[in-house]
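Chain by chain, the residues run as shown.
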Amino acid sequence: MTERPSSGIKVELDALPRSVDLVRSPDGAAAFTYLDERFLPYEERFETTSDWREIVRAIKTLAVRGAPAIGVAGAASLAVWASREGAKAAAGRGCAYDKDAFFELMGPVSDEVRSARPTAVNLMWAVDRMKRFAEQSAETLQSSWEIADAMFEEVLRMEEEDIASNRAIGAYGATLLDHDSNVLTHCNAGSLATVQYGTALGVVYAAAKQGKIARVYADETRPVGQGARLTTWELSKVGIPTTLICDNMAASLMAQGKIDAVIVGADCIAANGDTANKIGTYGVAVLSKHHDIPFYVAAPASTIDASLTDGSDIPIEQRDPSEVLAKPIEGVDVWNPAFDVTPAGLITAIVTDRGVFAPSEVVQALEW
Ligand code: MRU
């Protein structure tokens, strides 16, 4: 295994592209640009679509993935719908602006977007925020086109807030690490899972700038390989020394004293601090406890769902067996949950954009 010293790491954050972005098409209506992550690490393929259903498909197929990025993509689906079908259909119903028609039509669209993936609470949060925002805007705006424009601006605000919250998570999280830390992460909670910068990897980037990162070990993350394909791609782009390991190698690495801290992202945090994240996270947390290694979760406050008492209430997405076994084997069933729940008791601290909290106190981040 080749090891490089941490001294002299140049952190090239400018190398990270924006993963998702709402843009204006030449016709002036909204369109959505995204990096199709299914082709990484070998091809950086950006797609632009003006069809909200296409955005929902991108979320379902993991072309766009990671809780914060899914949230922004969900919000963008509504903005794209509003500036095209929504505004047109509503205007067509009356000579001026048929408010009821606009919201009548938006109901099923937002339900479809909301149900694209069930675990990442950021998706529901973002869709609900957009609906509320559109309703409030309708109190003063005169046409469905104006509401669509206002929704467009709201998504851009959401994008900027996401980047700012990742930066805040990074700054808070970096304080928890010592100089020259070797960090293990699972899945991809980096720039690729957000608009830009990342949550768990946001902590790594902020810490690396302070000379606190020696190396990041990236779990491969079966079955879809977010660690192998995505985390390695972005860490190497930024210039962080990176070692890829298969999921079943983490225990040995920890036993050899090679890991100082574990940092992962989150898809949903219940009121008691139980945390859903990519399948396999729970196992890493158990290993961390056994080896006395701090286990940190990094996520924005929008990932906390205070209505869920504990992790048993978090809906866990089941995905297609073909992700585990490309060709079915007769008589063999496949179990493919996309996420698992790490009990709060295994989590050392939760790093949010509003500070660092003990898991049992994480709802305080919402009172900010
Ligand atoms: O199925 P994915 O790739 O969307 O799962 C992503 C994760 O589990 C991430 O760790 C989580 O969404 C946090 S992203 C900042």
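Residues numbered from 1 in each chain as written. Predicted model: local features only at pLDDT ≥ 70, side-chain atom pairs only at ≥ 80, totals over all residues. Heavy atoms only, no water.

A. Focus on helix 6 (residues 200-209). Of all 10 residues in helix 6, nine are buried, a share of seventy percent or more. Among all positions of helix 6, only Ala200, Leu201, Gly202, Val203, Val204, Tyr205, Ala206, Ala207 and Ala208 are buried. Buried residues belonging to helix 6 abut helix 5 (144-174), strand 4 (181-185), strand 5 (213-219), helix 7 (226-238), strand 7 (261-264) and strand 10 (295-298). Among the residues trailing helix 6, Gly211 stands out with phi positive, at a value near 75 degrees. (Buried < 20%, exposed > 50% of the residue type's maximum accessible area, 1.4 Å probe, protein only. Helix = DSSP H or I, 4+ residues; strand = E, 2+ residues; numbered from the N terminus. Contact = heavy atoms within 4.5 Å.)

B. How the structure looks around empty space enclosed by the protein. Scanning the model with the defined rule gives two cavities of 30 Å³ or more in all. Within this model, the largest cavity holds a volume of roughly 210 Å³. As for the largest cavity, its lining consists of 25 residues, and the residues nearest its centre are Arg65, Gly66, Ala67, Asn188 and Asp267. Those elements that place two or more of their residues in the lining of the largest cavity are helix 2 (67-93) and strand 9 (275-278). In terms of residue count, helix 2 provides more of the lining of the largest cavity than any other element does, three residues in total. Class assignment of the residues belonging to the lining of the largest cavity gives a composition of 12 nonpolar, nine polar and four charged. Residue contributions to the lining of the largest cavity reach at least three from each of two domains, namely domain 1 (12-165) and domain 2 (176-367). Lining the second largest cavity we find Gly173, Leu176, Leu177, Val203, Ile263, Tyr296 and Val351. (1 Å grid on protein atoms, 1.4 Å probe; cavity = no way out; pocket = protein on both sides within 12 Å on 5 of 7 lines; lining within 4 Å. Points joined across faces, edges and corners; volume = space filled by probe spheres on them. Nonpolar A, V, L, I, M, F, W, Y, C, P; charged D, E, K, R; others polar. Domains from an automatic or database assignment.)

C. Quick look at helix 7. When the terminal C-alpha atoms of helix 7 are compared, their 17 Å separation across 13 residues agrees well with the 18 Å that a helix rising 1.5 Å per residue should span. Where helix 7 is buried, its residues touch strand 2 (30-35), strand 4, helix 6, strand 5, strand 6 (242-245) and strand 9. Just past helix 7, the residue Gly239 takes up positive phi, approximately 95 degrees. (Expected span 1.5 Å × (residues − 1).)

D. Structural detail: the site of the ligand. Surrounding the ligand, one finds 17 residues, the nearest of these being Arg65, Arg117, Asp267, Asn277 and Lys278. Contact between the ligand and Asp267: an oxygen atom at 2.8 Å from a side-chain N or O atom of the residue. Separating an oxygen atom of the ligand from a side-chain N or O atom of Lys278 is a distance of 2.8 Å. In this structure, the ligand is accommodated by the largest cavity. Considered class by class, the residues forming the shell around the ligand number seven nonpolar, six polar and four charged. Here the shell around the ligand spans two domains, since at least three of its residues come from each of domain 1 (12-165) and domain 2 (176-367). (Near = heavy atom within 4 Å. Polar contact = N/O pair within 3.5 Å; in protein donor to acceptor, adjacent residues only side chain to side chain. Sits in = over half its atoms within 2 Å of the grid points.)

E. The side chain of Thr275, seen in detail. Turning to its location among the elements, Thr275 is positioned in strand 9. The buried category is assigned to Thr275, whose relative accessible area is 2%. A distance of 3.0 Å separates the side chain of Thr275 from the backbone oxygen of Gly273, its partner in a polar contact. With sequence-adjacent residues up to four places away left out, Thr275 is seen in contact with Ala266, Cys268, Ile269, Val297, Asp340, Val341, Thr342, Ile347 and Ile350.

F. View of the side chain of Ser110. Examined against the element boundaries, Ser110 turns out to sit in helix 3 (residues 99-114). A polar atom in the side chain of Ser110 sits 3.0 Å from the backbone oxygen of Gly107. With residues near it in sequence (within four places) discarded, Ser110 still touches Leu78, Val127 and Lys131.

G. Seen up close, the packing of aromatic side chains. A full pass over the atoms with the stated rule returns four aromatic pairs. Ring centres of Phe102 and Phe103 lie 5.3 Å apart, and the angle between their planes is 80 degrees; this geometry places the pair in the edge-to-face category. On the basis of an interplanar angle of 65 degrees and a centroid distance of 5.9 Å, the ring pair of Tyr197 and Tyr205 is categorised as edge-to-face. As far as the burial class goes, Tyr197 and Tyr205 line up, both buried. Every member of this aromatic cluster is reached through a ring pair, and the members are Trp81, Phe102 and Phe103. Cation over ring: Arg24 sits above Phe152, and NZ or CZ is 3.8 Å from the ring centre. One residue, Arg45, lies across the ring of Phe39, its end atom 3.7 Å from the ring centre. (Phe/Tyr/Trp six-rings, centres within 6.5 Å; stacked < 30°, edge-to-face > 60°. Lys NZ or Arg CZ within 6 Å of the ring centre and 35° of its normal.)

H. The arrangement of the layout of surface pockets in detail. Within this model, the largest pocket holds a volume of roughly 330 Å³. Lining the largest pocket are 18 residues, with Trp125, Glu161, Ser165, Ser302 and Asp353 sitting closest to its centre. When the residues that make up the lining of the largest pocket are grouped by side-chain class, the tally is nine nonpolar, four polar and five charged. Looking at which domains feed residues into the lining of the largest pocket, each of domain 1 (12-165) and domain 2 (176-367) supplies at least three.

I. Seen up close, the sheet that holds strand 7. Taking strand neighbours across the sheet as the criterion, the seven strands line up as 6-5-4-7-10-13-14 in an open arrangement whose pairing is mixed. Every interior strand has two partners, whereas the edge strands, strand 6 and strand 14 (355-357), have only one. Neighbour to neighbour, the strand axes of the sheet diverge by 25 degrees on average, direction disregarded. Taken together, the three bridges between strand 13 (residues 349-352) and strand 14 define a ladder with antiparallel strand orientation. Looking at the pairing, Val351 lines up with Val356 of strand 14. (Pairing = 2+ DSSP bridges. Axes fitted to C-alpha atoms, helices over the stretch in contact; angles between N-to-C directions.)

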